[in-house]
Amino acid sequence: CPRTASSGPSKVRRPDAVLGQGAAGYYRSENGGTPIAIGSIISVGGRSLTVVGILGDAPQMFGNAVIMPLQTAQAIFDRAGTVSSVILTAQSTAAVGTIQSAIQDGFSGLTVSTQDDMLRSASTILAAMNGFMGIIETSIIIVAVVVVTIVVVVSVMEERREIGTLRAPTAR
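An account of the accompanying structure is given in this report. Computed from a predicted structure; not experimentally measured. (Residues numbered from 1 in each chain as written. Predicted model: local features only at pLDDT ≥ 70, side-chain atom pairs only at ≥ 80, totals over all residues. Heavy atoms only, no water.)

### Re the nonpolar core
Okay, step 1: In terms of nonpolar packing, the biggest core is built from 12 residues, these being A17, L19, A23, A24, Y27, I36, I42, V44, L49, V51, M68 and I76.
Okay, step 2: Every element with two or more residues in this core is listed here: β3 (16-19), α1 (21-30), β4 (41-44) and β5 (47-54).
Okay, step 3: Considering every element that reaches this core, the biggest residue donor is α1, with 3 residues. (Core = buried A, V, L, I, M, F, W, Y, C linked by side-chain atoms within 4.5 Å. Buried < 20%, exposed > 50% of the residue type's maximum accessible area, 1.4 Å probe, protein only. Helix = DSSP H or I, 4+ residues; strand = E, 2+ residues; numbered from the N terminus.)

Okay, structure coming up:
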């Protein structure tokens, strides 16, 4: 909701923003080291926003976020009438499946990703990385075996005469 800030006799409407801890740190450095507090004015994409909250212990996803009204974000990014993503938080984990089904049934063009979907996606990526690292590990072992074999063969070829001399006294 836009908030009205009083600035002398005229009123200036400025959209509100809630900052994650990382975003508050970023705007602190942008603000010459002055801490960002509630009521501070920040600039996002050339638009001034009033800070109305700073998230404390928030999930990592929100740590660097600047949360603002949809219409403000659409104006800043020149995307009037479009939405790229919506984050919903269920009150209980039992409701996630119901909410997911309701969204998919009501909005067939949307992709709904739950925390479990993101976990599966991350697991797939990690499995691919583990497979790649396994290939590298196998390649390193093969190269090491080849190098040791070459060293042994060269050493044996150089010492061939000495080996023959050492075996001669025992031959009968």
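### Some thoughts on the packing of aromatic side chains
Okay, step 1: Counted under the stated rule, the structure contains 1 aromatic pair.
Okay, step 2: Between Y26 and Y27, the ring centres sit 5.0 Å apart and the planes meet at 85°, which makes this aromatic pair edge-to-face.
Okay, step 3: Overall, the relative accessible area of 11% leaves Y27 in the buried class. (Phe/Tyr/Trp six-rings, centres within 6.5 Å; stacked < 30°, edge-to-face > 60°.)

### Here's the deal with unusual backbone geometry
Okay, step 1: Here the phi dihedral of D78 falls at roughly 55°; this positive angle occurs in a residue that is not glycine.
Okay, step 2: Residue position: D78 is located in the loop between α3 (70-76) and α4 (96-106).

### Looking at the layout of surface pockets
If a probe as big as a water molecule is rolled over the atoms, it shows which places are left empty.
Okay, step 1: Space inside the largest pocket adds up to approximately 1100 Å³.
Okay, step 2: Residue lining of the largest pocket: 26 residues in total, with V86, I87, L88, S113 and T114 positioned closest to the centre.
Okay, step 3: Among the secondary structure elements, those contributing two or more residues to the lining of the largest pocket are α2 (60-63), α4 and α5 (115-158).
Okay, step 4: By residue number, the principal contributor to the lining of the largest pocket is α4, which donates 4 residues.
Okay, step 5: Taken together, the residues of the lining of the largest pocket sort by class into 15 nonpolar, 10 polar and 1 charged.
Okay, step 6: Of the volumes computed, that of the second largest pocket is approximately 550 Å³.
Okay, step 7: Every residue lining the second largest pocket is counted, 17 residues in all, and those nearest its centre are M68, L70, A73, S84 and S85.
Okay, step 8: Contributions of two or more residues to the lining of the second largest pocket are made by β6 (66-67) and α3.
Okay, step 9: With 3 residues, α3 is the largest single contributor of residues to the lining of the second largest pocket. (1 Å grid on protein atoms, 1.4 Å probe; cavity = no way out; pocket = protein on both sides within 12 Å on 5 of 7 lines; lining within 4 Å. Points joined across faces, edges and corners; volume = space filled by probe spheres on them. Nonpolar A, V, L, I, M, F, W, Y, C, P; charged D, E, K, R; others polar.)

### Side note on the sheet that holds β6
Okay, step 1: The 4 strands lie next to each other as β4-β5-β3-β6, forming an open sheet whose pairing is mixed. Strands with a single pairing partner mark the edges of an open sheet, and in this sheet they are β4 and β6.
Okay, step 2: Note: β3 against β6, 2 bridges, orientation antiparallel. From the neighbouring strand, L19 faces β6, where its bridge partner is V66. (Pairing = 2+ DSSP bridges.)

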